[in-house]
Every structure is written in structure tokens, then in C-alpha cells.
Amino acid sequence: CSWLEPLDMVDTLLCNDGSLCYPLEDDASWGCCNSRGKRARCPANWPQMCARDFSCGGLSDHCCFEAGDGCDSDGGERPCFLGCADIAYGGGQNGLWVDTTSATCEDYYVFNYCDESGGYGSGWSAKGGAFEDYAENGVSAVEACCACGACGAWNDTSDEALPAAKVTGNYAQEKGGGIRCSTNASAEVRGASLITDNVALKEGGGVSLSHGMHAFTHGGRTVEGGMTIIHVSGQSRIERNSALRYSGGGVSAAPYTRVRMENATLAGNHAKGSSGGGVDAFNSQLELHGINITGNFAYYYGGALMLNQSAARITSTTFARNGAVNSGGAITTTRSTVVLGQPAAECASEAPPACCQRDALSAVGSQVGAGGAGSARAAAGNVSAAASLPELGCGFDVHVVENVALVGSAFYFHETNASATRLVAQGNRMLEGELLFLSRIQVLQCTSPSVIYTDTAPLLMSWSRFVGNEGTGLHTKGGLGIVVSDTQFLLQHSTERGSGMYLEASGVAQVERTAFHSNVASSEGAGLYSEGRLTMAECSFHNNSATTGAAAYLLLQPPANATAVVGLNTELRESTFSANAATNGAVFYMEGAGDEDAWGAETMAESVRLESLRFENNTASGGGAIVYWAPEDLQLSPQILRFQETSTEPAASCHPHRARCAVSPPQSPLRRGAGGGIYTEGLAAVMGGLVARNAAMSTDGGGVHGEAVVLDVSAGVMNNTALEGQGGGIHATGNVSIARGSSVSSNVARSSGGGVSALSNCWIEHSALEGNVVRDGDGGALSGMGPTILHSVFITQNIAGAYGGGVSMGPMAPLQMENGSRVSDNVCGRSAGGIFGFVVVVTSGSLISGNSADEDVSLNGSTAVIDDAIYGAAQLNSMVADPDAAVILLRTHVALDGPLPAVDRALDVHGSCSDVSSTRCRISGEDAHRLWRVTESGTLRLEALELRAGYTMERGGALHVVWGRVSLHNCLLEGNTALGDGGALHAEGSHVALVSSHVLSNVAWGSAGALQVCCGSALVLDAGTVVEGNIAKKECTVSVEGNSTLLLNRSQVTGNRVETFGGGMCLDDNSTAQLTGSEVAGNSATSAGGMILRGDSTVVLLGGSAVSGNAANDNAGGVQLLTGAATHLWVLEGSVISDNHAFNQAGGVHVYVGSITVLGGSAIARNRAAQGGGIFFTSEGQMVLVDATVADNEAVLNSPGVVAGPVASGGGVYSEQGSVTVQGASAIVRNRATRGGGLFQSSTGRMALVNTTVADNAAEEFGGGLYSEEKATPVSLTGVQLRNNSALSGDGGGMYLTNGASVVLQGESRVEGNSASERGGGLHGCELSSIRVGEASAVRGNLAQWGGGIFIQEGEETIITEGSVVESNQAEQDGGGIYGAPGAEIVVEGGSHVALNHATSGHGGGIFGSMHARLHVRGAGTAVVSNSAQSGNGGGIFACKLGEVNVSNGAEVVDNLA
């Protein structure tokens, strides 16, 4: 009786499906709940709901008024008869009680014959006498009717008083193979009764419960019903029942029903066609206590239980060996509330025997559970379950074992509020995908060694809370793929390890957005104890306490089934650790385990990574905030301790043994005194944080010391000191890189390298080295003994006591400055105030200035420069041919008089010219010569160059690459020509990258006007690269073929033209292209204006990429999939295919073979063609649209008679043959065609639309929204909104079916607001087509001349069933709701309604049947009601001569008007 309490919101309604609607904003105004189960609660400003249910909301719902007498004219305030049901007795209406004058309980309420207290009402005088005078077989209204006070309590007779009963071997054509409970009925199954081996064709193999709380309306008054109930107890069994087509192998529960089972068995039931092998409950209540649920099976979801919008309480129950093909071998839920287990206060660890007896009801003779010996004693004498099942001891209240499913083998909770106490899951198994899915679990104040324990993995847990429990909150054992997110572990206490989580022998675990606060562990890891690989992000550890590792104890060991571990073992990032306390490791204690063989020698790239962590006020009496321990017998090569955005000041020290932070004394026999802040012998990265105020007392590396390894730094390194050695900030004996944004400043060394001392290769980019000092030696900022590159680096105000105030380089150690680097204002005591070196190359605007020294030498060394305009070509030839030349700085334009020598080594060429428009230098082939040729083992890097006027009679006008590598940065390839393929470039088996470059106006007389790669090549276009204005006489602008790869990142292929296929690009022979944030636009070809895919190739559009504005004179304006069954186009992450145009077929995409997948908010929009404006799909593959939009496309004839088909069809989509699936909030909107405005499907293809909107489309002739013809497989519409579509001059505003096509509407689909100028405003079927409207679907508010809702032609069938409605439709002529042409058959059944339809100037307001038409209205609750024929006959039904009308089995034709 939800209506008794209004909402706390104004002008807002709560509907019976649980949704809110807003009348002032909704198109349906105050009728917005009509399609959502009607009104459940009124707004705060209209709080009182009236009894009459046809006065408001379009005369189809209860009114809401201000409190007071507003409801007087509408039957008064709506009453509540909670828990009451009229007695099922006699032969009256719907099998309910009637008196001797055939007056029903409904009549007694409607005509005020009685009141709720059992007294006489104001209308009794019309009958007179006493209630008993009208008693039927001694039962009067006061004993039978809720309205007259007959609301007695449930008489709970003891089980022992009832004999056993058997309901076995029965069969039902529809529902309830064993028992069918009618509306508001109740059934008792007690005394070891059996419901076994029954079969229902549809649902409820054992028991089917009809809808409860059914409302009867008559004469303006409403009588409320109650719930339909079944109570199963007393060792009764529901076993081996089957539902063949749909759901509920054991029990099927419709809305407003209750299933209560205690001390019973639910076993071996099958839902062979759908979900809920044991019980399927929709909008129902479920109570299970002491139940053995074993061996049930469902074809789809919920092997034991399927709960949809329901509430369940499950205690002392075992789920064992249940299975589902899809998800939830034990339980699947959606939008439900589930409570698993007893409250903790009812069963503590020291529980009395009674508690253990209650908890052990479902097992006998099994091993003792977590509750201890008391559980074993309690099991004695229990005879209800198989001996092989685990025992439910006091420690665990619900056992879930050995269940199997494709996804979520134990549980699958979807949009469900779930809580659990003492839940154990063991031995469950997946077929594939996730295994155990737990969401919104709450566990409070429970005592158990493990509150939730599972050896089932993967485990997915989210949005859960563990508070105040004694024992580990979540204990998992074994397996891979444990994911915990958005969960809280608070006030947990464990006498052992892992109070919050214990990940035992886990292979890979991921913890995100989870809080571990105020937990206590007597030994290790108060918050978390982990064995194996762990990734943790955005977590919070606060006020945890343990002996070792207060926040977390991390045992770094490989998974048990791993023979080699490659990559990161443990990664912790973006988390906060505060006020944690331990003896060792206030934050972490990290321990290596196992031996070299267990890990796989020399295979581990990284061990531990700490990124973006924050430490505050953590304390440890022995050892620092972090302890990292790797035993001597574990030799990892290399090994890493990686800090990112992590302070390494003394308060967050790391020790002992392999890695240490801050000034704590070394604890190993390694080089003592090195690495005051960080010492590492493993691959190390210091990224994003601060290394400050550390000191190396005796040797090298005041801040960081890397010993014979690779050291990466992206951090602040400042105020560190190497008192007696090298590298005040950083000292590296191996390779070192200092990355973007680093600052090495104010460090001090004694012998060399005040800032950095590098004994091997050194790379520094986008960083600053300033204010460093070396007291007695060389290199105030940097001392380098190996090749060194400075890329956009500022070295300023450093001081050296001897040589190189800024930089000092060792003998033959080359130094290269590039990209605007600066060495300035440095000072040294002897010579080379700026740089002291032997091989120094200064390029790309770099500068050495303002330095000073006693001997005033600013630069030692030389660079290779070409700056002679006259002899530049000869010099360039000579340098390219010189095998010792590695870097060339070009400062003049060059016109070649012949091709350059082949490049077979590493060569860098940089341009630095000073033209007004560009700093790029030009190399021209003078329209006579190819420019560059790179052969095997050659690597060519070009920067700031223009490659122009290259020419070849072969392939690759500017560049020809064979098994080499080429990269172009800020380059221009313009005006090159190839008489073969590849106007600018041709590459075979090579790697080619263009970064921030431009490929412009090149020509190929063969294929690939711009770029061609083949034979396993990789082509990368990155960082704003543009391919524009190129021409190919054959096909393709960019050609990728022969198992090659194209990566297009933030780049464009635009405005190119080819003669045949692939205006923008071609993919051939198993090649792949990935476009990220890129565009293929404005290209043109005869076919495939944007791109063509052939030979099993794949294209993936990501990150908002676009294929737009392309054109084709024939087919496929945007993309064409032409050959190869495995060819596939993926349109993902908000990418679009838009504004393309084709003269014939496929404005956007032509799928001739292969498949297309569009998802993730992507769109096919504003494309145009004669057929298939958006997509033309004729493949035998698949078209899948998920969360996608097909909008504003158009199929329109470009010239009379020039089209691949007879008419312009499929504005949004044209489909033949293959499988079409549209689902997941997709939309097909505002498309236009002659036929099939939204979607046209022909031939043998399959089509299924799920939760999709098809709206505002238009067809000039037939099928404004959808058009289907010649189909053997029915079109399936599930949860579809087919609305506001139009057939402007023909039939089928919503959908048109012909030539044997059929459609099935299910899952509360809606056909609303559509219109046709002729026939079938909503749906039109002709030429052996059929229409089925089921599962509470609706055809509503449509308009046509004939058949406002549905028009069905000669000999075809229309079925309205399963509580569906055809209502509020209008025909200007005949058949307001449904029009049946001669020979048509129309069936209305299953509680469906044809209501409120109107024929304006013809006959048959509800249904019109022409000659020989057969009309059937049958079954209780089925009605043709409140229809009208304004100017004709048959307000409800009109049947022409020789027609047939059959109204039977309790159906009604009432309140119609003619």
C-alpha cells in the first residue's frame, strides 16, 4: 500500500515499476506512469490518492488530490487491504466467492453494501435483509470479502498435523506443471510433501504463482487485492521439475507474490529455456531458511535462483552443484535486495547448541565447518540433505559450493543491494569470464576466522562494507583475477594476519578506491596481507596497527602455477597512508619469497613500484615507514624498487638490504656510504617526487646511486651531498635518463659531477640543472663518461673547481645538444666555463653563452655542418656516403643533381634554415631524382626538412625503404612523383614514422598517391601529421598491405583523390589500422571515398576519430569492407562516420563481407546514398551496435533509374543476409528513406533489437521506423521504444512487414506515437506476415486511416498476449486499435487489453474484422474495453459478414461505445 505515504518531492510521481516521472517535463504529462505500471505514490503537493482508477492520467489511473475531501467524487481515498485476499470459493468471477444473487466481493465494495469493520454500508438498503440471507453454502460476505472485514490471520497449522501429499508427473501447456496459484491465492506445502517430476511448457515447472494485488474496477470504484503466496515447509521437497521454454524450473513467481520456504529441499529442477532453475522471482518476496538447494540448472541466468526487482532473505542454506549456462550458477539478481545469513548478534563464535542446530540444518555427516565442534553435534539426526554437502557451522550461515556458470559461477549481482554474514564460497567454477561477483555486501560485527571466505577466483567485489568484525573481513585463496573496489574495511580485528583482507596464494589482485581504517592485526598486515602480485590505486590506509606492516604486508612471490614472471610484481599508486603504527614497516613490509627457479631466472623486469603515494605521521619502533627485504638466496636480475611522486625524506625511509632511502646507515655488505637517499642495484625509477637533503658520507651519489643498472629519474633532486665522491645529486654507473620536468639543483660533490655523474650513456630532456657545485673536480652540473644527449635542457649557474663549469665530458665521450638546449652563466676555476669536451654537436637552436673560466674556453669539440649554398649538394652526398658521419646539420637549401647514396647505418639529418615562412631546409630532386633510399640495417632520422620534387619511374618518389627505419619530425613531403606506387614513400618490411609532418600534393601514376607500406611494415602518423591533396591514378592515398600496421594518432588524411578505390586509405592482406583522435575527411574515389578494407584486414576507430565528408561516385562514401570474411571495422570511444555521400549504395559504411561493430557512444550520422544512407550491410557476418547512434542519415535517389535497387531503402541501415544486433541504449533516429526510414531488412538476415530506441524516422512509402521482408527468422524487439515514426504516403508508420516477415515484441516494448497516411499507424503486416505483441508490451497512441494501432492483411495472424495492451490508437476510418483484412486472424489473450481506441468515421473502435476474418478474445483478465466508433458500428468489435468472433474463457468486452 505504497500510496498511503506521498513522496517528499512536489510535482513528481512514483510509478509501480520503481521509476520517478515528472509530469511537467514529460511528453505524457500526468499520464507519464501509464506505461510504467501506473501510479504508486503521489507528489507532496497532491498527497492523497483516490480509489477510482480511471479518472486521471488520460482516464486510466488514480487521481492525486490535496488532503481533505478532494477524493469524494472519485470513490474516496484509496483503501489498503494489506495481507488480505478475497476467498477463492464458488463459481463466481475469477473463481472467487459470490453470494446467492451472484454479487461479488467487488460489488459489495463498489456499491457500499458493507464497510471494513463488517457492518452494513450506505448502499445495503438496495438489497435489504441480513448478510446471512445471501450466504452461499453458509459463507457470507463478512467471511469472504476483504472489503467487509474478512482479513483473518494465516492459520499456521503444525507440520505434524498434516499428512504428506504428492504432486508428481503432471504437465501444463502454459504455466504451473504441478500447481498453479491464481491471483491472490495461497498454497501450503507441508508434512514432507513432494512436488516432483512435473513439466510446464512455458514457466513454473513445479509451481507457478500468478500476479498478486490485482485491482478489480467497476462502476468507478476500485477493490484492491493481496499477494499470491506459497509456503513450503516440514521437510517437503520440490524436485526434478522442468520449465521447457521460459523460467522457473521449480517455482515461477510473478509480481506481488511471496515464496516462503523453510526446512525443505529444492533440487534437480531445470529452466530449460531461460532463467531460475530453482526459483524465478520477478517483483516478489523470497524467504529461505534451512534449505538444501542442489543440482538445479538454468539455460541462461541463475541456476538456483533468479531474482528480478525482488527482495530475498536467505539463512542457514546451502547452494551446491547448481549451474547456469550464462551467469550466476547459484544466484543471479538484478535490481533486487538480498540478505545472506543471520545477523551476527544471533550467532557468535561461542554460540549455544541451539544456534549451531539452526545453522546446520542443511547437512549431515559432513566435515566440521568454521563453527567448531558444536556444529558436528548439531548435525546429528538431520535427515534433509545429502551427506556429501559441507556443514553449516556457527562460523558460516550460508554455504555456496561447486556451482558452475559462464559468468559469476557462484553469484552475479546486478544493481542489487546485498548484505552477507558468514558467507563461504568454495569450489565454484567458471566456464569463462568472471566467476564470483559480489556487490553492495555489508558485514557488521561478525565473529569468524574469515567473515567471507572463497577459494573461487576470479573474484569481483564492489561497493561493500566490513565493519567491526572479529576475524579477516575477506579471505581469498588461490586463483587469478581478484578485483576489489569501492569497499571499506573498518574497525576489523584479527588475531592473526590480514584483518581487512587476506589474499592467500593469489596470483594477481587489484584493489581500487578502498579504505582500510582503524584495523588491528596481532601479527602482519592490519589492513591487507597479500601473497603474490598486487596492484593498488586510490586507496586510503589510516590508523591501522600491527606488529609488522601496519597498513600492508606484501609477500612478493610468484603465483603457484607460474613458471616465469614477466613485468611488475607489485604496484601501489595514488594512495594515502597516515597514522599507521608497527614495530617494523609502519606502512609496508615487503618481503621476497621463493627461489630463482620459482620466478624464472632473469625474467622479472620490475619488482615493486610506488607511485603518487603520500605518507603522514606513520610510526615504527624498529625500521622505517617502508621495509623492503629480499633474502640472499633470491637473485633477481634485474630488480627494482621504484618511487613515483613519493617522498624519500628520512620519515619515509626504506631499508634494509637491497634498497634504502634517506640517511639510515647501510645494512648490507655492498658499497658502504653510497646513495644517501636511494641506493639500488636493480632497474630503478625515481619519478615525480622529491629526493632532498640526503648525504653519501664516504663515496658517490648524495641523492641517488644506481649501481650497474638502468636508472630513470623524473623528479626533483636537490640539496643532496656526496661528501667524498662523485654525483652530488645523482651517480650512475649504468645508463641514466633524466626525463621531462626534472630539476637537479643545489647539489654538492667533491670530485666530479656536482649535479649528475654518469659513467655510461646519459639522456636528459626538458629538465634543468642549476646551482650545483663540484668543489675540487670537473662538471659543475654534469660529468659524463659516455655518450650524452641534452634535449631541451637548461644548464645554468653551476660551479666547477676545475674544468667544465656546466658540463665535463670524458675522452671520446660525445655530447649532443639539441632542441633549444642552453648552457649559460656557468663558472669553473680552470678552463671551459661552459662545456669541457672532445666531440660536441650543437644543433636545433641550442646555445652556449655567458660562461666564464680562468682560461676562458667555452667549447671544446666540433660539429658537422653543411651551410654552403653552392656546394651543399656535393657536401651532402659526401657526408651521406661517409660511414663515420652520424649527424648532419643542414643550414642551406640543396638541389640534387642525382640521387643520394643509400643509407645503411644510423644517420640523423637536421635542418636549420632561416626563411621567412619556415626554419626547414629544402632538399629537392628537381623532378628528376628520388631523394633517399634506406636499405637493410639503415636508420634515417630527418628533422626540419622539406623533401620536394622527387621523381622515380619505380616506387617511392621521395623515399624508398627496404628493411630499414625512417622517422620524419617536422618535415614536409611535397610535389613528389612516382610512376609506380607511393608518390612520396614506399616501404617494405620497414618501420616508418611521421611526427608533426605534412605530406602534400604528391602523385602516383599507380597506387598510393602519398604513402605505401607492405610486407610486414609499420607506419606511424603522429602528433598532427597531415596527408593532404595527394592523387593516385589507380587506388589509395595511404596503402597498407601484406600484414602491415598503420597507427594514426591525432593526425589527418584529408582532401585526397583517387581514380578507383580508397580515397583516403586502403587496408589489404591481413593488415591493421588503429586511428586515435584522428580524421579521414574530404577524400573522394569511385568507390570507398574514405577507406577500403580487403583480405581479412581490420580498422579500429578510437578516441573520437572521424571518417567524415568523403564521397564516392558509386558505392561507399565513407568505408567499404569488400573481401575477406574476417574483415572487421570497429567504431569505438565516441568515434563517428558522418557526412559521407555515395551515389548508389552505402553513404556511410558498405559491409559487403566481414563485420562491423559500433559501440561506446559512437555514431553513424548524416550520411546519404540511394540505399543504406548510414550502413549498407549485405555480408553474412555480423553487425553489432551497442550504445551507438544511427541518426540523420538519408536514402534518396540521386538520379531516376540509377540505383542498385528498385527504390531508395534503409535511411539509417539497409541489411541483407547476416546478423544484425542493436542493443544497450542504442538509438536509430531521424533517418529518412522511401522505404524503411530507420532500418530496412530483406532476405534471410537475422535482426534483434534490445533496449533500443527507434524514433522520429520517416519513409515516403512504407515502414517509417522499420521495414522487414522475406524473413524466415522473426524480427525480435525486446525492450524497444518504436515511437514517433511516420509513413508519409503509405503504410506502417512504426513498422512494415511483408513477404512472410514476422515480428515479436517482448520485454515491455513500446510502439507509440507513430503515424501512417494509409494503413497501420503502429504496425502493418501483409503477404503472409505475422505480428506477436507479448510480455507486457504496448501499441499505444498511433494514427492511421485504417488500423490506427495495427493493420494485418489477408490470411496473416496477429497475437496480443501476456498482459500486453493496444490502447489509445486512432483510425480515421475503420479499426481504431486493430484492423484485420479479409481472412486475417486476430487473437487477444493472456490478460491483455484492447482499450481506449477510437475509429473516427468508421467501424470497430477496438477491433475491425473484414470478411472471413477470425477474431478471438479469450481468457480471464483479457478485455476489449472503453473503445469507441464515433460514426459507425461496433464500438468494441466490428465483424463483417462471414467473419468470426469468439469471446471465451472469462474474457470481457465492456464499456465500449458506438
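## Section: the overall build of the protein chain
Then step 1. Along the backbone of the protein chain there are six helices and 169 strands.
Then step 2. If you take every contact in the protein chain between residues at least 6 apart in sequence, the share linking residues at least 24 apart comes to 77%.
Then step 3. Accessible surface computed for the protein chain: about 50200 Å², of which carbon and sulfur atoms make up 50%.

## Focus: the state of the cysteines
Then step 1. With the rule as written, the count across this model stands at eight disulfides.
Then step 2. With its sulfur 1.9 Å from that of its partner, Cys15 forms a disulfide with Cys33. Judged by the sign of its S-S torsion, about -80 degrees, the cystine formed by Cys15 and Cys33 is left-handed. With Cys15 in strand S1 (residues 13-15) and Cys33 in the loop between strand S2 (20-21) and strand S3 (39-41), the pair connects residues that are 18 residues apart, well separated along the chain.

## Structural notes on the sheet that holds S3
Then step 1. The three strands lie next to each other as S2-S1-S3, forming an open sheet whose pairing is antiparallel. Strand pairing shows two members of the sheet lacking a second neighbour, S2 and S3, which therefore form its edges.

## Here we look at the pattern of salt bridges
Then step 1. Scanning all chains against the criterion turns up 37 salt bridges.
Then step 2. For Asp486, the salt bridge is made with Arg513, and the minimal N-O distance between the two is 2.9 Å. Within this pair, whereas Asp486 is found in the loop between strand S44 (482-485) and strand S45 (488-490), its partner Arg513 is found in the loop between strand S48 (508-512) and strand S49 (515-517), the two being separated by 27 residues in sequence.
Then step 3. Taking relative accessible area as the criterion, Arg513 reaches 37% and is therefore assigned partly exposed.
Then step 4. Look at the salt bridges and you will find they share partners, linking Asp197, Arg237, Glu239 and Arg240 into a network.

## What about the environment of Met718?
Then step 1. Examined against the element boundaries, Met718 turns out to sit in strand S69 (residues 711-718).
Then step 2. For Met718, a relative accessible area of 25% translates into the label partly exposed.

## Observations regarding the pairing of strand S28 (residues 317-320)
Then step 1. Across the two faces of S28 the burial is the same, with Thr317 and Phe319 and Thr318 and Ala320 all buried.
Then step 2. Of the strand pairs in this sheet, strand S24 (residues 292-294) and S28 are connected by three bridges, and their pairing is parallel. Its bridge partner being in S28, Thr294 is matched across the sheet by Ala320.
Then step 3. Note: S28 against strand S32 (residues 398-401), four bridges, orientation parallel. Bridging from a neighbouring strand, Thr317 pairs with Val398 of S32.

## With respect to the environment of Ala1018
Then step 1. Here Ala1018 shows up in strand S108 (residues 1018-1022).
Then step 2. Once the C-alpha coordinates of Ala1018 and Val992 are considered, the two residues, 26 residues apart in sequence, prove to be 6.2 Å apart.

## What about the pairing of strand S91 (residues 887-890)?
When a strand is regular, its side chains alternate between the sheet's two faces.
Then step 1. In S91, alternate side chains face the same way, and those of Val887 and Leu889 on one face and Ile888 and Leu890 on the other are all buried.
Then step 2. Pairing of S91 with strand S93 (residues 906-911), which is carried by four bridges, proceeds in the parallel orientation. For Leu890, the partnering residue across the bridge sits in S93 and is Gly911.

## Observations concerning the packing of aromatic side chains
Then step 1. All chains considered together, the criterion is met by 20 aromatic pairs.
Then step 2. Measuring from ring centre to ring centre gives 4.7 Å for Phe1262 and Tyr1296, while their planes differ by 15 degrees; the resulting arrangement is stacked. Of the two residues, Phe1262 sits in strand S142 (residues 1258-1262) while Tyr1296 sits in strand S147 (residues 1295-1298), which places them 34 residues apart along the sequence.
Then step 3. Tyr1296 gets classed as buried once you look at its relative accessible area, which sits at 7%.
Then step 4. Taken together, Phe1176, Tyr1214, Phe1240, Phe1262, Tyr1267 and Tyr1296 form an aromatic cluster joined through their ring pairs.
Then step 5. One residue, Lys127, lies across the ring of Tyr134, its end atom 4.4 Å from the ring centre.
Then step 6. Residue placement shows Arg1319 over the ring face of Phe1351; its charged tip is 5.3 Å from the ring centre.

## So, the nonpolar core
Then step 1. Among the nonpolar cores identified, the biggest contains 110 residues, and Trp932, Leu947, Leu1011 and Leu1323 are the most heavily contacted of them.
Then step 2. Setting aside residues no more than four positions away along its own chain, Leu1323 makes contact with Leu1282, Met1295, Leu1305, Val1311, Ile1331, Val1333, Val1339, Gly1349, Ile1350 and Phe1351.
Then step 3. Core analysis: the second largest hydrophobic core is formed by 61 residues, Ile238, Ile331, Val338 and Met501 among them.

## Concerning the confidence of the model for the protein chain
Then step 1. When pLDDT is averaged along the protein chain, the result is 79, and 78% of the positions lie at 70 or above.
Then step 2. Note on residues 593-606: pLDDT under 50 across the span, and 48 contacts to partners over four residues away in sequence or across chains.

## Side note on helix H6 (residues 872-881)
Then step 1. All of the buried residues along H6 are Gly872, Ala873, Leu876 and Val880. Relative to the axis of H6, the buried residues are bounded by an arc of 100 degrees and lie together on one face.
Then step 2. On its buried side, H6 packs onto strand S90 (865-866), S91, strand S92 (894-895), S93, strand S94 (921-924) and strand S95 (932-934).

## Considering unusual backbone geometry
Then step 1. Even without being glycine, Trp963 reaches a positive phi, approximately 55 degrees.
Then step 2. One can find Trp963 in the loop between strand S99 (959-962) and strand S100 (965-969).
Then step 3. In this structure, Asn1043 is a non-glycine residue whose phi angle is positive, near 65 degrees.
Then step 4. Take Asn1043: it is sitting in the loop between strand S111 (1038-1040) and strand S112 (1045-1049).

## With respect to a nonpolar patch on the surface
Then step 1. Residues Tyr299, Tyr300, Tyr301 and Val325 make up a contiguous nonpolar surface patch of about 340 Å² in total accessible area.
Then step 2. With respect to the helices and strands, the residue Tyr299 is situated in the loop between strand S25 (297-298) and strand S26 (305-308).
Then step 3. A relative accessible area of 40% means that Tyr299 is categorised as partly exposed.

## Concerning the environment of Gly276
Then step 1. The topology assignment puts Gly276 in the loop between strand S21 (270-271) and strand S22 (279-282).
Then step 2. For Gly276, a relative accessible area of 0% gives the class buried.
Then step 3. Placed 21 residues apart in sequence, Gly276 and Phe297 show a C-alpha to C-alpha distance of 7.6 Å.
Then step 4. Not counting chain neighbours up to four residues away, the residues in contact with Gly276 comprise Gly248, Gly249, Ala271, Ala298, Tyr301, Gly302, Gly303, Ala304, Leu305 and Met306.

Reading guide: rules and limits
- Residues numbered from 1 in each chain as written.
- Predicted model: local features only at pLDDT ≥ 70, side-chain atom pairs only at ≥ 80, totals over all residues.
- Heavy atoms only, no water.
- Helix = DSSP H or I, 4+ residues; strand = E, 2+ residues; numbered from the N terminus.
- Contact = heavy atoms within 4.5 Å.
- Areas by Shrake-Rupley, 256 points an atom, 1.4 Å probe, with all protein chains shown as cover.
- Disulfide = S-S within 2.5 Å.
- Pairing = 2+ DSSP bridges.
- Salt bridge = Lys/Arg side-chain N within 4 Å of Asp/Glu carboxyl O.
- Buried < 20%, exposed > 50% of the residue type's maximum accessible area, 1.4 Å probe, protein only.
- Phe/Tyr/Trp six-rings, centres within 6.5 Å; stacked < 30°, edge-to-face > 60°.
- Lys NZ or Arg CZ within 6 Å of the ring centre and 35° of its normal.
- Core = buried A, V, L, I, M, F, W, Y, C linked by side-chain atoms within 4.5 Å.
- pLDDT = per-residue confidence, 0-100.
- Arc of directions from axis to C-beta.
- Patch = residues over 30% accessible without salt bridge, like charges linked within 9 Å, V, L, I, M, F, W, Y side chains within 5 Å.

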